[in-house]
Structure formats: structure tokens, C-alpha cells
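Structural features, examined
Below are the chains, spelled out letter by letter.
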Amino acid sequence: MRNILKADFRKYFNGKLFIATIILLVVFTALNAVINYFLKLNNEYTYFINPLTFLEKSFSPTQDFGILYLIFMIVILVSDFNHNTIRNKIIIGYDRNTIYLSTLIFTLTTTVISFLVYSLLNFLFAGLIFGFKGIKAIKVVETLLMYVCALIFYYCLVQLMVFLTRSTIGSIGIMIGLSFLIIIIISSVFTSAKLNDTTIKSLKYVIIFIPVLRLMIPTIGGLLPGLEFTGFNAVLSIFVSLVVSGILVFVGLYLNKKLDYN
Amino acid sequence: MRGDNVDYIVKTYNLTKDFNNFRALDNVNITINKGDIYGLVGENGAGKSTLIRLISGLMIPTSGTIDLQNLGGFGSLSAIVESPALHPSCSAVMNLKLQCDLLGIKNCNDRIEKVLEIVGLQDLINNNKKVKHFSLGMKQRLAIAMALISNPKFIILDEPMNGLDPLGIMQMRELFIELNQNHNITFLISSHILSELDKVATKYGFISRGKLLLEISADEIHKSNKTIEEFYLGVIGGIQYAQHPKS
């Protein structure tokens, strides 16, 4: 597995998409900082914005960096199928589980590092503009862990889609389509439902048990300031994300063993 | 019986592959011995590529088994199936380095130089030209260099002559013979170009409609005083060939 990872990372660091990811990361961080600065200057929406909302927003797969990173990662993963280079791994003698797991480790490592850097930079710049008043370190760690775990779930799903469809357009279409579908459904529910305490409590559990929803919270959470996750709910959210990710990995391993490589 | 011939490098037992309701391969039993250049011959859709993919591990058989126990361990098998599996945005040397990474070979620069020399691509050692700008012949040779870097005992080639010009075909042929004779590498080669296969193969397997019709040594074919084309048509065409010998 170490050898496959070495090859995958060598290819990634020598590729154009790695440089493009860094450029995107810098550009979107700078852009967010400039927008925040002007919002502060004009005193618009500032009652609503704090550095933590920017930390959360950074993980969204349907906004700025997130959506482009998703496309880049799918292009990288599918290229192994498009160029048939995944065959080299099988022919050499690696078993399919090792190939799937090493690809997953590569995907999750690069993704988590990229999003951590992006979110923390956004948090830092937003904090410098709006101030860190009232933000506790434990809350930051809690939020980060919840979002990283939801991101892990999301990219486990991305890899599964890539291995099943082996198509760039197919995987991008499914993942972006799914993300926007969730936003549309949740937004409809929010606008049609009576937002009393029971509704919000129910929504909390829906978000806990469907980790991909967490990544859409920048939209959902913005509408509902009461929809916060702390203490037990945060721990449960992290736990559920990891368990559901584990289930996805097992599904991926099972299907990958059954599929033919042409 | 399994293990009855220790000289074999690959043996298949009743190998069958179904795609939905279509049987692509039907109870195929082949034996490839060490040192063979095994020519796999058959019409389009006969099941050659399916058989090659099954032996390479790319496909899962519906039933039957493949015995590779005499092959050795990790990295003993190399295969070029259909098109060369290369990273088009990388140079030749980078492609070979990635293959070394996969194989766990450290300090592979000398080895890279050696395999590039074997396939006649030594000019690419200090050249950063990307693989996507290579000709098909160069890609084929680079793919063989990648296959050689692990010092394999067995190389599988699916239609390696496809798309090559006459000079490229001749160079490939000479390379296969050189690797077989001087590096003791066993080959399984599928090809439509029977006259080219005739110049390298030591054993043939004739396959049609998913069934292995005959396994025969090249010597036996030569003793029959028939050309490989005549023999092939005799086996594959059977009655039709006997009725229309000029067709």
C-alpha cells in the first residue's frame, strides 16, 4: 500500500492540478477576505457573519473552492481509469482491496489537508476583519471535527462513484446533482415547515444521520441560527459520519472486488 | 491434474466468462510453458482479449481457475492489454519512476536507463518530452520498458503490432525474440497478423467463439507443410475452408 501511495503522491505533486489547487486556494481566500472587508466597511450582514460561519462555509462542496476542488479530485481519480494506469497496479499483483484503500487514503489525505488549510485561512482572515470576540477554541475544534468528518463521508462517496462510473462527467454530474438536490429539498422543507423547536430538533437529527447535509449548513444554518451542534450532538454527529463513511468504504471494497477492469 | 507439469508458467482450468447472457469464454484450458512464445490466434470476438484480461487479473472469471503458482510472486507478470497504460502528461522517465514506485524499487535510475536501452529509447533518458506527444510505436516500446522494469518472468501482449508501421513491427518482433532468448521471458501474444506471429511463436492456441479449439507447437505446424494461415483457416474455418479453399 505504501508503494501505491508513493506513486499516487508523486504523480499528484508533479501534476498541474496540484498547482491549480494551490492557486485556487490562495485566490478564493483572498477574494473572501476582500468581500468580508467591504461587508464590514458597509456594515452589511455583519450581525449574521462571524469567523465561524466562514470556517463552516469553506467546507461546502457547492461553493467556490469546494466545487472546483471536487471537479479536480474527480479528474485525478478518473484519470487512472481513462489512461488504464490502474491496470498496472492490478497486473503487478496488488489486490483490489489494497488498490481501493490506498486510493481512498490518497483522496482523503489531500482533501482534508486542502480544506483544513482553506478553512483555517478563511477563519483567520474573517477573524481579523470581524474580530474573534465570543468564539471559544473548543467550539472551533468541535466545528472543525464535525466538518472534517462530514467531508470524509462526502469524499468516500466521491470515490465510490468514481470506481462505479469510471467517468469524469458521470461522477461530477452525480455528486454536484446530489449536492444541489439536497439543498433544494432542505430549503423547501425549511421554507414550508413551521420552524418551532420540534422542527429544529428533528432537523438536527436529520443532519446528524445524513452527514452530507452538514456540508450544506452554510446555506441551511444561515437561515436557522438555532441549528447549532454542541456537546453530545457534536460527538454524535462525528461518530455517525465516521460510521457511515466506514459503511461506504465496505460497499466500495465489496463492489470493487466484483467489477471487471477493461 | 494440477502440478503435473512443473514447467508450465500458466495453466487455466475450465475457465469460463459470461457477460450477462453471452458466454465469451467457455471452459478454456490452456498451458503456457516456461520459455514459450505463445501465440493466441482467433477471429474478432473469439475471446482472446477476455482470456488475456482474465489471466492478467483484470477480470474475474465466472467459473474455473487460473494457476500462476509457478510464476513467482509480486511483479513477475507484466501485461500490455489493448493500449499502452501510460500517464500521458508525464515524461518517459517519470512514467518509469511511477512504475518503480509501484514495485517498491528504490534508486531505479540505472534500471530505467537499462530498460530504455533495451527497447531502443535511450534518447529519452534526459528528455522531458511528454508521452502524449509520442508516436504509437514509441508508446508501445515505452510500455514494454515499463513491463521490463520489474524483471518479469512472463509478459502478456494483446495485439502489440496494431497500428505499427512495418519497421515498428520488425523492431517489436526482434525485441520479443531477444527478450525471450536472452532474458528468459515467456510471452503470451495475441495477434491478427499471423505472418508476424509465425516468425516468433513457439506454440499456438487457436480460439474461436470462446472455445479453445487446439493447442499446438510451431514445430508441428511446420512439419505439416502448411503455412500458418492455411493451418489457421483449417482449424477455424473447418468445413468452410475445405469447401472454398481459395476464399
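Remember, predicted model here, so these are calculated numbers, not experimental data.

**Some thoughts on the overall build of chain B**
Summing up its helical and strand segments, chain B has nine helices and 10 strands in all. On C-alpha atoms alone, chain B measures out to a radius of gyration of 19 Å, which is about the 18 Å that the 2.2 N^0.38 rule sets for 247 residues. In terms of its C-alpha atoms, chain B occupies a principal-axis envelope of roughly 60 × 40 × 35 Å. The proportion of buried residues among the 247 residues of chain B is 51%. For chain B, the computed accessible surface area is about 11,300 Å², with 47% contributed by carbon and sulfur atoms. Of the charged side chains in chain B, 25 are positive and 25 negative, and the gap between their average positions amounts to 5 Å.

**Remarks on the nonpolar core**
The biggest cluster of nonpolar side chains holds 156 residues, and the ones touching the most others in it are Tyr-155 of chain A together with Leu-142, Phe-154 and Tyr-204 of chain B. If one sorts the elements of this core by residue count, helix α7 (residues 137-165) of chain A sits on top with 19 residues. With sequence-adjacent residues up to four places away left out, Phe-154 of chain B is seen in contact with Ile-9, Val-10, Ile-32, Ile-55, Leu-71, Ser-76, Leu-77, Ser-78, Ile-185, Thr-186, Phe-187 and Leu-188 of chain B.

**Considerations on the interface of chain A and chain B**
With 28 residues of chain A at the contact, the number on the chain B side is 32 residues. Carbon and sulfur atoms make up 57% of the area that chain A and chain B hide from each other, which totals about 2,400 Å². At the junction of chain A and chain B, the tally comes to three salt bridges. Notably, a salt bridge pairs Lys-17 of chain B with Asp-260 of chain A, separated by 2.7 Å at the nearest N-O pair. At the surface where chain A touches chain B, the tally comes to nine residue pairs in polar contact (both at pLDDT 80 or more). Going through the elements one at a time, α1 (2-13), α5 (86-92) and α11 (231-258) of chain A are the ones with two or more residues in the side of chain A that touches chain B. Tallying contributions element by element places α1 of chain A first for the side of chain A that touches chain B, with seven residues. Its residues assigned to classes, the side of chain A that touches chain B comprises eight nonpolar, eight polar and 12 charged.

**Observations regarding the packing of aromatic side chains**
Residue and element names in this part refer to chain A. Across all of its chains, the model carries 23 aromatic pairs over all chains by this definition. Seen from their ring centres, Tyr-12 and Phe-13 are 5.6 Å apart, and the 50° between their planes marks the pair as tilted. Residues Tyr-69 and Phe-115 carry aromatic rings whose centres are separated by 5.2 Å and whose planes lie at 80° to one another, so their mutual orientation is edge-to-face. Here Tyr-69, found in helix α4 (residues 64-82), pairs with Phe-115, found in helix α6 (residues 96-130); they are 46 residues apart in sequence, far enough to count as distant. For Tyr-69, a relative accessible area of 1% gives the class buried.

**Quick look at the packing of helix α2 (residues 92-103) of chain B against helix α4 (residues 136-148) of chain B**
Residue and element names in this part refer to chain B. It is the contact of α2 with α4, at a shortest axis distance of 9 Å, that shows an interaxial angle of 30°. One element, α2, and the other, α4, form an angle in the roughly parallel class. Once α2 is placed against α4, the crossing between them reads as right-handed. Side by side, α2 and α4 meet where Ala-92, Asn-95, Leu-96 and Gln-99 of the first sit next to Leu-142, Ala-145 and Met-146 of the second. For the contact of α2 with α4, the residue count by class is five nonpolar, two polar and no charged.

**Considering the sheet that holds strand β10 (residues 211-217) of chain B**
All names here are of chain B. The six strands are arranged β6-β7-β8-β4-β9-β10 in an open sheet whose pairing can be described as mixed. Edge positions in the sheet fall to β6 (77-80) and β10, since each of these pairs with one other strand and no more. Neighbour-to-neighbour, the strand axes of this sheet turn through a mean angle of 15°, independent of strand direction. The sheet strands contacting helix α1 (residues 48-56) are β4 (37-41), β6, β7 (154-158), β8 (186-190) and β9 (203-208), and the helix crosses β7 at an angle near 150°.

**Describing a nonpolar patch on the surface**
Residue and element names in this part refer to chain A. A cluster of nonpolar side chains, Val-34, Tyr-37, Phe-38 and Leu-41, forms an exposed patch at the surface whose accessible area comes to about 400 Å². Secondary-structure assignment places Val-34 in helix α2 (residues 16-42). Among the residues examined, Val-34 registers a relative accessible area of 44% and is labelled partly exposed.

**Quick look at the pairing of β6 of chain B**
All names here are of chain B. Covered by surrounding structure in β6 are Leu-77 and Ala-79 together with Ser-78 and Ile-80, the residues of both alternating faces. Here β6 pairs with β7 via four bridges, running parallel. Opposite Ser-78, over in β7, you have Ile-155 as the bridge partner.

**Points about helix α8 (residues 228-236) of chain B**
All names here are of chain B. Those residues of α8 not exposed but buried are Ile-228, Phe-231 and Tyr-232. Looking straight down α8, one finds that the buried residues subtend no more than 100° of arc, so they occupy a single side. Those residues of α8 that are buried are in contact with β4, α6 (194-200), β9, β10 and α7 (218-223).

**Side note on the pattern of salt bridges**
Taken as a whole and assessed by the stated rule, the structure comprises 11 salt bridges over all chains. Overlapping salt bridges, with partners in common, bring together Asp-8, Lys-11, Asp-80 and Lys-89 of chain A in one network.

**Focus on the side chain of Lys-48 of chain B**
Residues and elements named next belong to chain B. In this structure, Lys-48 sits in helix α1. It is Glu-159 that comes nearest to the buried, bridge-free Lys-48 among opposite-charge side chains, at 4.2 Å. If sequence neighbours within four positions are ignored, Lys-48 has contacts with Leu-40, Val-41, Gly-42, Glu-43, Glu-159, Ser-190, His-192 and Ile-207.

About the cut-offs
Residues numbered from 1 in each chain as written. Chains lettered and ligands numbered in written order. Predicted model: local features only at pLDDT ≥ 70, side-chain atom pairs only at ≥ 80, totals over all residues. Heavy atoms only, no water. Helix = DSSP H or I, 4+ residues; strand = E, 2+ residues; numbered from the N terminus. Rg over C-alpha atoms; globule rule 2.2 N^0.38 Å. Buried < 20%, exposed > 50% of the residue type's maximum accessible area, 1.4 Å probe, protein only. Areas by Shrake-Rupley, 256 points an atom, 1.4 Å probe, with all protein chains shown as cover. Lys, Arg positive; Asp, Glu negative; His and termini not counted. Charge placed at Lys NZ, Arg CZ, Asp CG, Glu CD. Core = buried A, V, L, I, M, F, W, Y, C linked by side-chain atoms within 4.5 Å. Contact = heavy atoms within 4.5 Å. Buried area = accessible area lost by both parts, 1.4 Å probe. Salt bridge = Lys/Arg side-chain N within 4 Å of Asp/Glu carboxyl O. Polar contact = N/O pair within 3.5 Å; in protein donor to acceptor, adjacent residues only side chain to side chain. Nonpolar A, V, L, I, M, F, W, Y, C, P; charged D, E, K, R; others polar. Phe/Tyr/Trp six-rings, centres within 6.5 Å; stacked < 30°, edge-to-face > 60°. Axes fitted to C-alpha atoms, helices over the stretch in contact; angles between N-to-C directions. Parallel < 35°, antiparallel > 145°, perpendicular 65-115°, else oblique. Left-handed = near helix turned anticlockwise from the far one by under 90°. Pairing = 2+ DSSP bridges. Patch = residues over 30% accessible without salt bridge, like charges linked within 9 Å, V, L, I, M, F, W, Y side chains within 5 Å. Arc of directions from axis to C-beta.

So yeah, pure geometry; function would need other evidence.
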